[in-house]
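Okay, here's what each chain looks like letter by letter:
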Amino acid sequence: MQDGPSAVYVVVLDPGEDALAEITAFARDRSLGASQVTAVGAFSEAAVGWFDRQAKDYRHIPVEEQCEVLSLIGDIAVADDGPTPHLHAVLGLSDGSTRGGHLLSGRVWPTLEVVVRDSPAELAKTHRPDIGLALIDLG
């Protein structure tokens, strides 16, 4: 949509695509280093996670039904294996309830409309063994 030092991209995902894999591939293909991500759409199934401090891992919260992506926000920063999205989602279920957390997986149906706003900066993630996560390191 817009090129330059602060590029804006629109990525439209198709039915059946894995949202996290596609956003990761897009970020790595363009060597994005400090981006904001927002999206809306729907999934046929998904999983979000809640980070368990004691276990230093995500508790998986499966969503095994069609759900609306009411809000998907996050960032892209450079980790050891390249640009990596960190995304949180709020998913609307058929009864009007929601599930939310760290997006672990999402199978697109019928679409996911993703807006990526890049910046000329680069953010790096460093693994923190004491926490169990790779976090943005400004130092």
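The coordinates are above.
Each value, and the rule that gives it
- Residues numbered from 1 in each chain as written.
- Predicted model: local features only at pLDDT ≥ 70, side-chain atom pairs only at ≥ 80, totals over all residues.
- Heavy atoms only, no water.
- 1 Å grid on protein atoms, 1.4 Å probe; cavity = no way out; pocket = protein on both sides within 12 Å on 5 of 7 lines; lining within 4 Å.
- Points joined across faces, edges and corners; volume = space filled by probe spheres on them.
- Helix = DSSP H or I, 4+ residues; strand = E, 2+ residues; numbered from the N terminus.
- Nonpolar A, V, L, I, M, F, W, Y, C, P; charged D, E, K, R; others polar.
- Contact = heavy atoms within 4.5 Å.
- Buried < 20%, exposed > 50% of the residue type's maximum accessible area, 1.4 Å probe, protein only.

K.L.:
Could you clarify how one ought to interpret the layout of surface pockets in this entry?
P.N.:
Over the atoms, a rolled probe matching the size of one water molecule traces out where space is still vacant. In this structure, the largest pocket occupies an estimated 240 Å³ of space. What lines the largest pocket is simply Tyr58, Ala79, Thr84, Pro85, His86, His102, Lys125, Leu133, Ala134 and Leu135. Secondary-structure elements contributing two or more residues to the lining of the largest pocket are strand E5 (82-92) and strand E8 (133-136). The residue inventory of the lining of the largest pocket, partitioned by class, reads six nonpolar, three polar and one charged.

K.L.:
Explain the environment of Val63 to me, please; I cannot follow it from the model alone.
P.N.:
By secondary structure assignment, the location of Val63 is in strand E3 (residues 57-63). Taking C-alpha positions, Val63 is 14 Å from His88, a pair spaced 25 residues apart along the chain. Excluding residues within four positions of it along the chain, Val63 makes contact with Glu45, Ala46, Leu91, Leu93 and Arg99.

K.L.:
Can you walk me through the environment of Phe43 in this structure?
P.N.:
Along the chain, Phe43 falls in strand E2 (residues 34-52). The exposure class of Phe43 is buried, given its relative accessible area of 0%. The spatial distance from the C-alpha of Phe43 to the C-alpha of Ser119 is 28 Å, given a sequence separation of 76 residues.

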